[in-house]
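Remarks on the overall topology
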Amino acid sequence: MYFAGKENMVISTIFEEVSNSFAYEFYVKPTASIQLVQESYTGVTGIKGQRYVIGPGHGEIKTKAGIGISVGTNGIAVFEHTADHLPALLVYPIPINDWTHITVVFRDKIPILYINGQFRRRGLRSLKQNVYASGIFGGYDPYGFYIGFIRDITIWSSPKLPQQIREDEKQIVSENGMFGYWKFDNGTLPNATGSLITRTIEKKLFSDISVLFVKSGYDSPYSPLERSIIAALKRNVQELHVALPKDDLLSIAQRTKPDLVLVFCGFQLACDKVDALKKYGFKTVIWMTDDPYYTDITKVITPYYDFVFTQEINCVSFYTSLGCKNVYHLPLAVDLNIYYPKNVDKNYNTDILFIGNAFWNRVEFFDSIADYLVSKNIMISGLWWDRLKNYQLLRHKIYLNRWLSPEETANYYNGAKIVINLHRSSGDANFNRGNEGARHSVIDPNKLQLAPDGINQNSGKIKALSLNPRTFEISACGAFQLTDERSDLSDFYTPGYDVVTYDTSADFVRKVEYYLTHEEERKLMEGRALDRIRNEHTFYHRISKLITIVLSEECT
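Reading guide: rules and limits
- Residues numbered from 1 in each chain as written.
- Predicted model: local features only at pLDDT ≥ 70, side-chain atom pairs only at ≥ 80, totals over all residues.
- Heavy atoms only, no water.
- Helix = DSSP H or I, 4+ residues; strand = E, 2+ residues; numbered from the N terminus.
- Buried < 20%, exposed > 50% of the residue type's maximum accessible area, 1.4 Å probe, protein only.
- Contact = heavy atoms within 4.5 Å.
- Areas by Shrake-Rupley, 256 points an atom, 1.4 Å probe, with all protein chains shown as cover.
- Core = buried A, V, L, I, M, F, W, Y, C linked by side-chain atoms within 4.5 Å.
- Lys, Arg positive; Asp, Glu negative; His and termini not counted.
- Salt bridge = Lys/Arg side-chain N within 4 Å of Asp/Glu carboxyl O.
- Polar contact = N/O pair within 3.5 Å; in protein donor to acceptor, adjacent residues only side chain to side chain.
- Axes fitted to C-alpha atoms, helices over the stretch in contact; angles between N-to-C directions.
- Left-handed = near helix turned anticlockwise from the far one by under 90°.
- Nonpolar A, V, L, I, M, F, W, Y, C, P; charged D, E, K, R; others polar.
- pLDDT = per-residue confidence, 0-100.
- Pairing = 2+ DSSP bridges.
- Arc of directions from axis to C-beta.

**Describing the overall build of the protein chain**
- The helix and strand tally for the protein chain stands at 13 helices and 27 strands.
- Of all 556 residues assigned to the protein chain, the portion counted as buried reaches 59%.
- Put simply, 70% of the contacts in the protein chain that link residues at least 6 apart link residues at least 24 apart.
- If you sum the accessible surface of the protein chain, you get close to 22700 Å²; carbon and sulfur atoms cover 48% of it.

Right, here's the structure in full:
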C-alpha cells in the first residue's frame, strides 16, 4: 500500500502490554529521504525531517517512552518519545530503493536492526524505565508522515532470535509470540480500528455488556457527535442497539435486554418513556452536551434519569440541587477517525482561522480586532457573521452562513498556522431574552423544544466553565490553538506548554504576532497537545468512563 505523506492508522498510541523486549518487522519501499541525525540518549532530534513507518507513541510520563521507526531512501532511524524527549537510539545510513524487509528487535531496551535478515546495527540502550511498542502506522504531524510503500507490519511480544528473522516473505512464520499483524494490500488505508488479521489487539473493555443508545433526533451539530459516540460504544461493548426518541423504546429494551439505556441530550424524548423504562428495571442514563445553555429545559428532563452526565462542570451542583442522585462531569472529546494530522490542499491554508457561529460575545471580540485582521490571511466561517459592525471591512475573509462538515473542518484546522478558540458566552443578556420566567413556569416534560437562532435558555445564568469540543478537535489535528480562558482548561492542558491563552484583544494580537514568527515553538506545542489528546481525550476514553461509573454505582 502506498502512503503519500498524509495517511496514518492509529491502533493505539502505545501498547502497554508490549514493553522493553519485543520486535517489529515489515516490508517497505520508501520514496522520500529522511534527516539522518546523531544517536543520543537525550534531545528532540526526531521532531522534524522524519518519515515514520511507526509513529513515535508518547509515553505520557518521563519514565516511559514509546518507539518510533523512521525509514527513507537514505536510511533508518529508531526513536523513543516522551515529554520533551525524542532522540534517536539507533541510526543507520543505507540506500533503500526497492522492497526491503526491516526488523527492529528491542532486547532489554536496546534496539537491534536487521535488514533483509542480516544484522546491521546495535543501538543505544534506553535510559527510560520502560519503552513500549507504538501502534501508530504511517507517522503523524508535526513529526513526519511516511512516504512510500508498506506491507505486512508485525509486532512480536518478545524479541526475535537471529535465526527467526527471515528475508523470504514466502516462508510460513509461526504465530507463537505474535502480538498483531496488519496486511497492507493495495487499495485504501484501513480505518482506525485496524485491519488486524491474527488477533484483536484493542480488547473490548466491557465484553459482556449490552447498551441501548437513544439518539437526540436532531441533525447538526448533534449528529456528528452521535456518530463518534456510536463508534466508541462499538469498541467498548459487546452488543449495541441504536434507537430514536420516537421509537417504542420499552419494546426495544424488553427485546434486547440492555444493561443500560444511554440517551443523548434527550430534548425530543418524552419523559414518560423514561419512566416506563425505569419501571421495568432498566438503568437510564442521560448525557447532556450543551450545558449550561439550555438548563431551563434540562432541569425538567434530568430528574427522570438514574444517572446524569454533563459536559459542564458547573452544572453538577445544579442538577444535584434538583434532586438528581447520580450526577457526574463527563467532558466532550474528539473522534480520531475525523480529526487527525494530514496534508491538505493549499486552498485550506490560512495564517489565522476561526470556525464557529457569531454569538454576541464573539461579535464583540472580532469587531474589536477587525482593523488588525483586515491585513491578515484569515478565514472566518459560520452563521450570523453579518452581525459584525465591521462586516463590510472583513466580508472578503468571511464564509457567511456556511456550515462545514467535521471532515471539512478538520481540513481547515490542518491548513491553519493558528486556530482561534473563543467559547460561547453563558451570561449575555441578549442570549437569555424571553426566558426570565422560565424558572417558575410549568413546563410539560413531554413537549420540550429548543429555542431558535442559538438563543440561550439559561435564565438561571449558570456560568459556563468547561471546554467546548472544538478545544480537543483542534489539538487532535496537530494544529496550534490560541484559546480564551476557561476555568477547567488546566485540567486538560498546561497553558504555555501545549496551549496558549489570551484574555484581551491586545493580548490576542501580541500572541498571534509572536507565534506566527516562532514556528519551532508553535510546532513543539502542537505536538505536545496532540499527544495529550490522543492519550486522554477521545470518545473511547469518555464512554469507557461513563460505563465504568454506571456499572459500579447502584441506582438510588
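**A look at helix 10 (residues 469–476)**
- Counting buried positions over the 8 residues of helix 10 gives 7, a clear majority of the element.
- Of the residues making up helix 10, those classed as buried are Arg470, Thr471, Phe472, Glu473, Ile474, Ser475 and Ala476.
- Looking at the residues trailing helix 10, positive phi occurs at Gly478, about 70°.

**Considerations on the nonpolar core**
- If you look at the biggest cluster of nonpolar residues, it comprises 57 residues, and the most contacted ones within it are Leu262, Trp287 and Phe309.
- If sequence neighbours within four positions are ignored, Leu262 has contacts with Val211, Leu212, Phe213, Val214, Leu233, Val285, Trp287, Ile543 and Leu546.
- Core analysis: the second largest hydrophobic core is formed by 39 residues, Ile11, Val53, Ile102 and Phe106 among them.

**Some thoughts on the side chain of Glu312**
- Structurally, the position occupied by Glu312 is in the loop between strand 20 (307–310) and helix 5 (316–321).
- For the buried Glu312, no salt bridge exists, and the shortest N-O distance to an oppositely charged side chain is 4.5 Å, to Arg486.
- Polar side-chain contacts of Glu312 include one of 3.0 Å to the backbone nitrogen of Leu465.
- Beyond its immediate stretch of four places on either side in the chain, Glu312 contacts Asp291, Pro292, His329, Lys463, Ala464, Leu465, Ser466 and Arg486.

**Brief notes about unusual backbone geometry**
- Following Asp141, the chain continues to Pro142 via a peptide bond in cis, the omega torsion being 0°.
- Here Pro142 is to be found in the loop between strand 12 (139–140) and strand 13 (144–145).
- A cis amide bond, omega 5°, links Asp291 with the succeeding residue Pro292.
- Looking at the secondary structure, you find Pro292 in the loop between strand 19 (284–288) and helix 4 (295–301).

**Some words on the packing of helix 1 (residues 222–236) against helix 13 (residues 539–552)**
- For the pair helix 1 and helix 13, the least separation of the axes is 9 Å and the interaxial angle reads 65°. Pair helix 1 / helix 13 crosses with right-handed handedness. Of the residues in helix 13, those touching helix 1 at Leu225, Ser228, Ile229, Ala232, Leu233, Arg235 and Asn236 are Phe539, Tyr540, Ile543, Ser544 and Ile547.
- Of the residues assigned to the contact of helix 1 with helix 13, the class counts are 8 nonpolar, 3 polar and 1 charged.

**Comments concerning the confidence of the model for the protein chain**
- Per-chain confidence: the protein chain averages 86 in pLDDT, with 87% of residues scoring 70 or above.
- Here residues 186–202 is a poorly scored stretch, pLDDT under 50, and it has 48 contacts once near neighbours within four places are set aside; other chains count.
- In this model, residues 429–443 is a region of pLDDT below 50 whose contacts with residues beyond four sequence positions or in other chains number 29 contacts.

**Considerations on the sheet that holds strand 20**
- Taken together, 6 strands build an open sheet; the order of strands is 17-16-18-19-20-21 and the sheet is parallel. Across the chains shown, the open sheet's two edge strands, defined by having one partner strand only, are strand 17 (237–243) and strand 21 (327–329). Pairs of neighbouring strands in the sheet enclose a mean axial angle of 20°, with direction left out of account.
- As defined by bridge partners, strand 16 (residues 206–214) adjoins strand 18 (residues 260–264) across 4 bridges and the pair is classed as parallel. Following the sheet pairing, Phe213 is matched in strand 18 by Leu262.
- Along the sheet, helix 1 makes contact with strand 16, strand 17, strand 18 and strand 19, crossing strand 17 at roughly 150°.
- Running over the sheet, helix 2 (residues 249–256) touches strand 16 and strand 17 and is turned about 165° from strand 16.

**Here's the deal with helix 2**
- The set of residues buried in helix 2 consists of Leu249, Leu250, Ile252, Ala253 and Thr256. Burial along helix 2 is one-sided: seen end-on, the buried residues are contained in an arc of 160°.
- On its buried face, helix 2 is in contact with strand 16, strand 17 and helix 3 (271–279).
- One or two steps after helix 2, the chain reaches Lys257, where phi turns positive at roughly 50°.

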